[in-house]
Amino acid sequence: MKAPLLALAAMLGLGAMPTMVQSQDAPDAQADRVEQFSQLPFWPGYWVAEEQAGTTVGGIAPSVLAAREKGEAVANFMNLRGGAAKWNAEGQRRLEAAQAINAGRKAAGWGFPMMMNAATPLQFVITPEHVLIVNAYSEVRHVYTDRDMPDEFDLWPTVMGTSVGHWEGDTLVVETTMVRSPIEYFHGAPPFSDDAHYEERIRLEGDRLVSDVTVTDPTTLEEPFVTQVSWIRDEGFDRMIMVDWDNDRTGVDENGVNTIEAEVVE
Amino acid sequence: MRIALAVAAALLVPIGAGTVAAHHSMAMFDNTREVTVRGTVKQFQWSNPHAYIQMVSTDAGGRNVEWSMEMGSPMYLYARGWRPRTLRPGTEVTVRAHPLRSGKAGGVVLDVVDADGRAIGSNQ
């Protein structure tokens, strides 16, 4: 719509006019968006952390079983837990504090960053404006690719943090801040502080999705934590099976050891 | 109840107790031992973060014992051919599991077969 017409519409209080504007401009906007879509990567399917592919009905990954048989630790298993991170005194203190209350501790979900490395498939929905990363526990990351990080005043710590991204060729580069200390939400998560900065560089390599992750957090780390996670399409997933996380039966026995909470079904 | 304690120490060696294969440590299960429990399904909990088979078996003294058999999450069960109605109350099953270290009636499922010994789902 031309500017004079807009001014006239405003003067006349014609509330219906914006709708007319939209309908006249829509074909061009639609074409632009189709063009933008055509230039974006497409990562269809349900992506399972590579070392957890083939997880059995018992929830045990073949990589874990193989390591047991060899009497070895599991390689590259849930790297984002930070097993290879160089914690400073504060990071170590947070880890030990969490471990002291771990017995029988329940959880409400994976949260970020563990959802990117957890026993759940992920779906990447890529649009020109944002990328949605969804798991089977109804956890969603919104990675906005059409804007800068909001001002600090507009941010506060949340389980998923706030993410913005951009494309460098076919690599999605994600910056995430204001993640509530992950270990407070999920006991198997790293003890990064609310002030940690996360960078992920995600791209398709053949049939694998690979992400290089760098976490910078002087509050808990001696140096930036650098690791890699990867996903493949596992067999048997043809849709996202979402079921509420409402039956955590992790309990603790009289010896302080984790157990399944007893439940007698009447 | 027929419980066969199949000692599989030769094959199964414990690894770090803190290993998280699910949303919690698997240290609560004794992965050096296996139990085989035959009984009747009381309830199949198709739930997150884990599914559970609540089943009743009869012990050597003739008493009914309710077992809590932990499984993975529904998305993995679905991918391996299981559905919420795969197990209905009254279904007779035999479950092979790593038992709880606590000695309570529970474990983590290795596989499940029906009354005729046929695998349920792909059991993978």
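Cut-offs and rules
Residues numbered from 1 in each chain as written. Chains lettered and ligands numbered in written order. Predicted model: local features only at pLDDT ≥ 70, side-chain atom pairs only at ≥ 80, totals over all residues. Heavy atoms only, no water. Helix = DSSP H or I, 4+ residues; strand = E, 2+ residues; numbered from the N terminus. Buried < 20%, exposed > 50% of the residue type's maximum accessible area, 1.4 Å probe, protein only. Contact = heavy atoms within 4.5 Å. Areas by Shrake-Rupley, 256 points an atom, 1.4 Å probe, with all protein chains shown as cover. Buried area = accessible area lost by both parts, 1.4 Å probe. Salt bridge = Lys/Arg side-chain N within 4 Å of Asp/Glu carboxyl O. Polar contact = N/O pair within 3.5 Å; in protein donor to acceptor, adjacent residues only side chain to side chain. Nonpolar A, V, L, I, M, F, W, Y, C, P; charged D, E, K, R; others polar. Phe/Tyr/Trp six-rings, centres within 6.5 Å; stacked < 30°, edge-to-face > 60°. pLDDT = per-residue confidence, 0-100.

Here we take up the overall build of chain A. The helix and strand inventory of chain A stands at 5 helices and 11 strands. With 266 residues in all, chain A has 48% of them scored as buried. For chain A, contacts bridging at least 24 residues in sequence account for 54% of all contacts bridging at least 6. Entry remark: accessible area of chain A is about 13,300 Å², with carbon and sulfur atoms responsible for 53%.

Turning our attention to the interface of chain A and chain B. Counting from both sides, the interface comprises 52 residues of chain A and, opposite them, 46 residues of chain B. Across the chain A to chain B interface the summed buried area is about 4,200 Å²; carbon plus sulfur atoms make up 60%. Where chain A meets chain B, there are 2 salt bridges. Its salt-bridge partner being Arg 80 of chain B, residue Asp 234 of chain A comes within 3.1 Å of it at the nearest N-O pair. Linking chain A with chain B are 15 residue pairs in polar contact (both at pLDDT 80 or more), by the criterion used here. Elements with a contribution of two residues or more to the side of chain A that touches chain B: helix 3 (62-70) and strand 11 (258-260) of chain A. Top contributing element to the side of chain A that touches chain B by residue count: helix 3 of chain A, with 4 residues. By residue class, the composition of the side of chain A that touches chain B is 22 nonpolar, 14 polar and 16 charged.

Let us now look at unusual backbone geometry. Cis geometry is found at the peptide bond from Phe 112 of chain A to Pro 113 of chain A, where omega equals 10°. Tracing the sequence through the fold places Pro 113 of chain A in the loop between helix 4 (89-100) and strand 2 (122-126). The amide bond that connects Asn 48 of chain B to the next residue, Pro 49 of chain B, takes the cis arrangement and shows omega of 5°. By the secondary structure assignment, Pro 49 of chain B is in the loop between strand 2 (33-45) and strand 3 (52-58). The phi angle at Met 78 of chain A is positive, at roughly 50°, despite the residue not being glycine.

Any pair of aromatic rings gets described here by the distance separating the centres and the angle formed by the planes. For the coordinates displayed, the defined rule picks out 14 aromatic pairs over all chains. Taken together, a centroid distance of 5.7 Å and an interplanar angle of 80° make the contact between Trp 43 of chain A and Phe 124 of chain A edge-to-face. Of this pair, Trp 43 of chain A sits in the loop between helix 2 (17-38) and strand 1 (47-49) while Phe 124 of chain A is found in strand 2, placing the two residues 81 residues apart along the sequence. Each of the two residues, Trp 43 of chain A as well as Phe 124 of chain A, counts as buried. When the centroid spacing of 6.0 Å and the interplanar angle of 75° are considered together, the rings of Phe 44 of chain B and Trp 46 of chain B count as edge-to-face. The residues Phe 44 of chain B and Trp 46 of chain B share a single accessibility class, namely buried. What links up through ring pairs into an aromatic cluster is the set Trp 87, Phe 112, Phe 192, Tyr 198 and Phe 225 of chain A.

The next subject is the confidence of the model for chain A. Any residue range with low pLDDT should be treated as having predicted coordinates unsuitable for detailed reading. With 89% of its residues at a pLDDT of 70 or more, chain A shows a mean pLDDT of 88. Considering only residues more than four positions removed or in separate chains, one finds that residues 1-21 of chain A, a stretch of pLDDT under 50, has 8 contacts.

As a further point, take the pattern of salt bridges. Residue and element names in this part refer to chain A. Inspection of every chain in the model, using the stated rule, returns 23 salt bridges over all chains. Note that Glu 90 and Arg 94 form a salt bridge whose closest N and O atoms lie 2.8 Å from each other. Pair noted here: Glu 90 and Arg 94 are both in helix 4, with a separation of 4 residues, about one helical turn. The partly exposed category is assigned to Glu 90, whose relative accessible area is 24%.

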